[in-house]
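Overview (structure and organization)
Listed below are the residues making up each chain.
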Amino acid sequence: MNNYTTAFEGMPALLSDYEHVMAEFTRELYPDAFQKYCERHSQTLGAVENGYRQVIDKDQFLTNMAEELASSAEKLLAKQTKKSAKEQCAANLNMCLVVFVLPAVLEMNEQSSEAFSEKILTAWKSHFPKTNLKAATFKQINSGFKRKFCYITTAVCETFGKPDDCYELNQFRSYRDNYLLKREDGERMVLEYYDLAPTIVKHINKRDDYREIYQEIWDTYLAPCLAMIESGENEACMKLYTDMVRKMQKQFFITNRTN
């Protein structure tokens, strides 16, 4: 079997972990899960690199591989008949791509790595136009666990000079892990937030009045949310936090999207 065939036929299997991705995406489990993922798919990823080095039309070679990967995801999604199941499947597939597939491609650190990751994102966007995913390395993802679902809260706390292990951030992280991610739609919500929040924070940080903005966020949203968490009002906290993100999205994401 030549490299092209090995790589092409191995593309669908790169998404084989999609149903269990969130269960393994914890600070404790992710490093070992990622290492095992790379080992399982080393033949496929190796064939991509070897084929890339051998073929004349390298761009088309990577395009074909990326298209097969995205097409296999679309086929998996098409098997879901219920709206809720389809939404969950889509969230898991996106998460699998972000935390396993793309980091594994970049982890090879080979000639094809950067170009292949870009081709994958292009193909994925073509098949799933509503997504806006970005590639990140294993190191970036693993070091960012504490910030997941806490981008805005972290930015506020940093502005106030609070450490990364402060009481407030630990409370929000515990809320994420022990309540939100255990909800039926929790994984989808976290992934959506993960997609929006970094850009919101980036645009706020560009403004001269960012401290005043973060103070308002704290007074209006985060302090009440923290009080709700402390009193066990988890659903109320989720609603208020969601309202915050929606307002921030309109104010600092949509209106600044051309920046």
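Residues numbered from 1 in each chain as written. Predicted model: local features only at pLDDT ≥ 70, side-chain atom pairs only at ≥ 80, totals over all residues. Heavy atoms only, no water.

Re the packing of aromatic side chains
For the structure on display, the rule yields 12 aromatic pairs. Look at Tyr37 and Phe100: their rings are 5.1 Å apart centre to centre, the planes differ by 25°, and that puts the pair in the stacked class. Here Tyr37, found in helix α3 (residues 30–40), pairs with Phe100, found in helix α6 (residues 83–107); they are 63 residues apart in sequence, far enough to count as distant. Judged by relative accessible area, which is 0%, Tyr37 ranks as buried. Their ring planes at 55° and their centres at 5.9 Å tell us that Phe172 and Tyr241 sit as a pair that is tilted. Placement of Phe172 in helix α10 (residues 167–178) and of Tyr241 in helix α13 (residues 234–254) is noted, with a sequence separation of 69 residues between them. This pair shows no difference in class: Phe172 is buried, exactly as Tyr241 is. Ring pairing ties together the aromatic residues Tyr30, Phe34, Tyr37, Phe100 and Phe138, which thus form one cluster. When the ring centre of Tyr52 is taken as origin, the NZ or CZ atom of Lys58, which lies over that ring, is 5.0 Å away. (Phe/Tyr/Trp six-rings, centres within 6.5 Å; stacked < 30°, edge-to-face > 60°. Helix = DSSP H or I, 4+ residues; strand = E, 2+ residues; numbered from the N terminus. Buried < 20%, exposed > 50% of the residue type's maximum accessible area, 1.4 Å probe, protein only. Lys NZ or Arg CZ within 6 Å of the ring centre and 35° of its normal.)

Side note on the packing of α3 against α6
It is the contact of α3 with α6, at a shortest axis distance of 10 Å, that shows an interaxial angle of 65°. Viewed along their axes, α3 and α6 adopt a mutual orientation that is roughly perpendicular. Along this stretch, α3 crosses α6, giving a crossing that reads as right-handed. Between α3 and α6, the contacting residues are Tyr30, Ala33, Phe34, Tyr37 and Cys38 on the first element and Val99, Phe100, Val101, Pro103, Ala104 and Glu107 on the second. Residues that form the contact of α3 with α6 fall into these classes: 10 nonpolar, no polar and one charged. (Axes fitted to C-alpha atoms, helices over the stretch in contact; angles between N-to-C directions. Parallel < 35°, antiparallel > 145°, perpendicular 65-115°, else oblique. Left-handed = near helix turned anticlockwise from the far one by under 90°. Contact = heavy atoms within 4.5 Å. Nonpolar A, V, L, I, M, F, W, Y, C, P; charged D, E, K, R; others polar.)

Some points on α10
An α-helix turns once every 3.6 residues. As a result, residues three or four positions apart point the same way. The end-to-end C-alpha distance of α10, which contains 12 residues, comes to 16 Å, matching closely the 16 Å that a straight helix rising 1.5 Å per residue would cover. All buried positions along α10 are accounted for by Glu168, Leu169, Phe172, Arg173, Tyr175 and Arg176. The buried residues of α10 all sit within an arc of 155° when viewed along its axis, so they share a single face. (Expected span 1.5 Å × (residues − 1). Arc of directions from axis to C-beta.)

Points about the nonpolar core
Among the nonpolar cores identified, the biggest contains 49 residues, and Phe100, Val101, Phe116, Ile120 and Trp124 are the most heavily contacted of them. For this core, the elements supplying multiple residues, two or more each, are α2 (21–24), α3, α4 (42–54), α5 (58–78), α6, α7 (113–127) and α8 (138–143). For this core, the leading source of residues is α6, giving 13 residues. Setting aside anything within four residues of it in sequence, one finds Phe116 in contact with Met11, Val48, Leu62, Met65, Ala66 and Val105. Tyr193, Met238, Leu240 and Met248 belong to the second-largest nonpolar core, a separate cluster that totals 37 residues. (Core = buried A, V, L, I, M, F, W, Y, C linked by side-chain atoms within 4.5 Å.)

Quick notes on the side chain of Glu68
In this fold, Glu68 is placed in helix α5. The contacts of Glu68, once residues within four sequence positions are left out, are Phe8, Met11 and Pro12.

Regarding unusual backbone geometry
Within the chain, Asn109 stands out as a residue other than glycine whose phi angle is a positive 50°. Residue position: Asn109 is located in the loop between α6 and α7.

A word on a positive patch on the surface
On the surface, Lys125, Lys134, Lys202 and Lys206 cluster together into a positively charged patch. By secondary structure assignment, the location of Lys125 is in helix α7. (Patch = residues over 30% accessible without salt bridge, like charges linked within 9 Å, V, L, I, M, F, W, Y side chains within 5 Å. Areas by Shrake-Rupley, 256 points an atom, 1.4 Å probe, with all protein chains shown as cover. Salt bridge = Lys/Arg side-chain N within 4 Å of Asp/Glu carboxyl O. Lys, Arg positive; Asp, Glu negative; His and termini not counted. Charge placed at Lys NZ, Arg CZ, Asp CG, Glu CD.)

Read these as spatial facts, not as claims about activity.
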